[in-house]
Amino acid sequence: MNMMNRIFLFLILGTIAVFASGTIDGEIEKQALNVSAIVMFVIFVGATLGITYWAAKRTKSAKDFYTAGGGITGLQNGMAIAGDYMSAASFLGISGLVYLKGYDGLIYSIGFLVGWPIILFIIAEPLRNLGKYTFADVASYRLKQTPIRTLAASGSIATVILYLIAQMVGSGKLIQLLFGLQYEVAVVLVGVLMVLYVTFGGMLATTWVQIIKAFLLLSGATFMAIAVMAHYDFSFGSLFAEAVEMKGIEVMSPGGLVSDPISAISLAVALMFGTAGLPHILMRFFTVSDAKEARKSVFFATGFIGYFYILTFIIGFGAIVMVFKNPHYLDLAKQAISGGSPILGGNNMAAIHLSHAVGGDFFLGFISAVAFATILAVVSGLTLAGASAISHDLYASVFKKGNADSVSEMKVSKMATVALGIVAIIMGIAFEKQNIAFVVGLAFAIAASANFPILLLSMYWKKLTTRGAVIGGSIGLATAVMLVILGPIVWVQILGNAEAIFPYKYPALFSVTAAFVGIWFFSITDSSHDAEAEREAFEAQYIRSQTGIGAEGASEH
Amino acid sequence: MNKELVDKIKNNPDYQELISKRSSFSIKLTIVMLVVYFTFILTIAFNPAALGTPMSADSVTTIGIPIGMVIIVFAFVLTGIYTKRANSEFDNLTNKIKNSIKEN
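The paragraphs below set out a description of the structure included in this document. All of these numbers come straight from a predicted model, not from anything done at the bench.

Re unusual backbone geometry
Residue and element names in this part refer to chain A. Phi is positive for Phe234, close to 55°, though the residue is something other than glycine. Counting through the fold element by element, Phe234 comes out in the loop between helix H10 (183-231) and helix H11 (236-247). You will see that Lys401, though not glycine, has its phi angle at about 55°, which is positive. With respect to the helices and strands, Lys401 occurs in the loop between helix H16 (350-399) and helix H17 (406-430).

This is the structure in structure tokens:
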């Protein structure tokens with residue numbers, strides 16, 4: 001423990017030193033030094049490292065490490081799930097989209113939200129009743145461990161790494177802008193902190209970091225929304241009227257975001273089923289004691305997320321009236337080249353500038369620190385989910401055939417965490433100048449096409465067999481990856497071809513359908529002896545998934 | 001779980017009641033959510049101008065804004081409706097099933 005004390009002390013001092021050094025060689029595109037932001041961020045890092053130290057003493061077994069001992073309450077877990085979902089990308093991205101296009105931002109928010117009720121109605125309770133640490137536990141419950149776990153772990157790791165790349169690149173740029181730090185330094189700092197939280201504090205630390213951040217983010221966003229509304233005597237009519245004066249009547253109605261019906265449906269499928277296939281979200285359901293708490297988690301999470309999206313909508317409009325055309329936030333250099341009224345740091349900085357407009361330097365510092373905290377909390381959750389896929393699914397279940405002891409499994413997951421941290425840092429730096437617009441879309445497409453169909457059918461479809469799940473799931477995975485590569489973003493924008501082979505931006509409608517059809521076909525035509533046994537085992541699994549009988553005892557050890 | 005226990009639970013009227021009531025409730029709520037959402041998203045795809053209709057002649061606020069807000073609140077209310085019923089009725093049935101296998 002003494003060693004850990006020293007590491008933490010070193011890190012806190014290191015963080016301060018890094019910020020101090022970042023101020024000397026301030027480059028042009030970096031923001032000026034923001035003292036209150038740095039002070040608040042250092043307080044946050046200090047507090048979260050304190051939590052990690054506390055959690056480390058309570059994290060002894062694999063169960064503690066993966067699920068925080070299973071003692072998180074529904075309300076706490078709801079807050080943590082909401083925290084995972086309210087990433088910096090969705091806070092800055094959606095408020096930025098509202099700022100840019102008005103109503104279109106709301107369309108996105110609604111798509112991200114409506115998956116949650118459906119997760120509650122069909123996934124949450126069986127997931128808790130059947131699983132232990134990862135969603136692969138559920139998928140492989142009555143099927144063959146090795147092939148199903150390998151596929152589920154590949155889907156998880158692919159989703160996690162893609163998501164991590166997006167978060168790392170976003171965080172590097174954001175921190176560069178907010179704190180005046182060098183890009184590489186920012187990426188390394190995020191990577192090191194996340195590895196510390198996860199390896200020492202496991203799920204307990206990751207959950208509490210997420211809860212604290214979610215609370216700070218919701219408080220900050222609430223303050224901003226109230227400040228904006230107070231300006232207009234709490235009348236939406238006057239706020240919108242002024243926004244229309246600034247940007248035109250277009251901000252009040254749907255623009256070109258969703259143009260044709262196929263894209264609209266495909267995006268909807270990706271958002272809804274993708275959410276239900278994100279490993280870091282699914283993993284949170286194992287941190288509560290039973291199905292009842294799992295259910296309450298989704299209820300609270302949906303409330304927090306819905307509230308947050310309403311706030312981002314107000315914040316986006318607040319930015320239209322207070323930041324747009326405000327000389328204080330105008331990017332003069334960019335304006336000189338391309339005209340218009342670009343704001344410093346791009347549209348995704350709208351919420352950050354608004355925080356300054358309503359609360360001055362101090363509140364700007366607070367929101368900047370919260371944005372950084374958000375990144376840290378989300379990448380920690382992702383890394384933990386990736387590490388558990390490696391240690392629990394690949395190492396303990398596939399490699400050791402279920403005979404790994406808790407101590408060595410935990411050791412492997414810590415090694416996997418460090419490895420993922422290094423991968424995240426390298427990829428974050430490698431992708432700095434790349435167009436990563438497709439990355440989160442691809443992560444959602446894989447989650448929706450590979451993870452979700454197997455998970456859903458393993459819970460509800462008696463005739464599912466190992467062969468069907470493996471072939472169908474692989475078809476879904478391959479189709480999703482292929483269609484993203486052949487689609488307009490990668491094929492045209494990145495690879496520079498004239499026309500996309502696959503015309504739609506979102507492949508989910510096609511890849512999810514391919515997965516379901518593949519799983520169905522290769523299951524019903526499977527007449528092997530094992531397939532018969534797998535069908536027979538369904539009944540007992542279904543009873544456990546519906547009632548929880550057998551679940552409590554099983555998750556103890 | 002052995003075959004005997006499986007058969008016993010399967011034939012328990014409380015279990016059958018739980019499964020039929022909860023499945024139909026979950027499916028209904030899922031369909032309601034999907035219908036509401038797809039009506040919204042397909043309106044945007046086919047007839048975006050419909051959501052751009054002003055609330056009143058002298059207002060810039062379009063009907064799309066309250067509709068969007070209502071869908072967000074509605075999604076949350078649906079989770080509340082499900083949770084409330086599951087916490088009482090479904091959990092009571094589940095406990096009854098659990099007690100019935102403890103008795104012998």
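Back to the write-up after that little detour.
Topic: the interface of chain B and chain A
At the junction of the two partners, chain B supplies 49 residues and chain A supplies 49 residues. In this assembly, chain B packs against chain A so that about 4400 Å² is buried in total across both faces, 77% of it on carbon and sulfur atoms. On the chain B side of the interface with chain A, the three residues burying the most area are Tyr37(B), Val60(B) and Ile72(B), jointly 14% of the side's total. Linking chain B to chain A there are four salt bridges. Arg22(B) is paired through a salt bridge with Glu125(A); the nearest N and O atoms lie 3.4 Å apart. Between chain B and chain A we count ten residue pairs in polar contact (both at pLDDT 80 or more) in total. Secondary structure elements with two or more residues in the side of chain B that touches chain A: helix H1 (3-10), helix H2 (13-46), helix H3 (48-51) and helix H4 (64-103) of chain B. Ranked by the residues each element gives to the side of chain B that touches chain A, the list is headed by H4(B), at 21 residues. Residue composition of the side of chain B that touches chain A, by class: 32 nonpolar, 13 polar and four charged.

What to know about the pattern of salt bridges
Residues and elements named next belong to chain B. Going through the model one piece at a time under the given rule, you end up with 18 salt bridges over all chains. Between Asp7 and Lys3 there is a salt bridge, with its nearest N and O atoms 3.3 Å apart. Here Asp7 and its partner Lys3 are both found in helix H1, four residues apart, which amounts to about one turn of the helix. Lys21 is paired through a salt bridge with Glu17; the nearest N and O atoms lie 2.7 Å apart. Of this pair, Lys21 and Glu17 both sit in helix H2, separated by four residues, roughly a single helical turn.

A short note on the packing of aromatic side chains
The relative placement of two aromatic rings is captured by the distance of their centres and the angle of their planes. Under the definition given, this model contains 33 aromatic pairs over all chains. Aromatic pair Phe65(A) and Tyr66(A): ring centres 5.7 Å apart, planes at 75°, arrangement edge-to-face. Judged by its relative accessible area of 0%, Phe65(A) is buried. Where Tyr82(B) meets Phe90(B), the ring centres are 6.5 Å apart and the plane angle is 55°; that geometry is what we call tilted. Summarising the burial analysis for this pair, Tyr82(B) and Phe90(B) share the class buried. In this structure an aromatic cluster arises from ring pairing among Tyr85(A), Tyr108(A), Phe112(A), Trp116(A), Tyr163(A) and Phe444(A). Sitting over the ring of Tyr99(A), Lys247(A) keeps its end group 4.3 Å from the ring centre. The ring of Phe324(A) has Lys247(A) lying over it, and the distance from NZ or CZ to the ring centre is 4.6 Å.

The rules behind the values
Residues numbered from 1 in each chain as written. Chains lettered and ligands numbered in written order. Predicted model: local features only at pLDDT ≥ 70, side-chain atom pairs only at ≥ 80, totals over all residues. Heavy atoms only, no water. Helix = DSSP H or I, 4+ residues; strand = E, 2+ residues; numbered from the N terminus. Contact = heavy atoms within 4.5 Å. Buried area = accessible area lost by both parts, 1.4 Å probe. Salt bridge = Lys/Arg side-chain N within 4 Å of Asp/Glu carboxyl O. Polar contact = N/O pair within 3.5 Å; in protein donor to acceptor, adjacent residues only side chain to side chain. Nonpolar A, V, L, I, M, F, W, Y, C, P; charged D, E, K, R; others polar. Phe/Tyr/Trp six-rings, centres within 6.5 Å; stacked < 30°, edge-to-face > 60°. Buried < 20%, exposed > 50% of the residue type's maximum accessible area, 1.4 Å probe, protein only. Lys NZ or Arg CZ within 6 Å of the ring centre and 35° of its normal.

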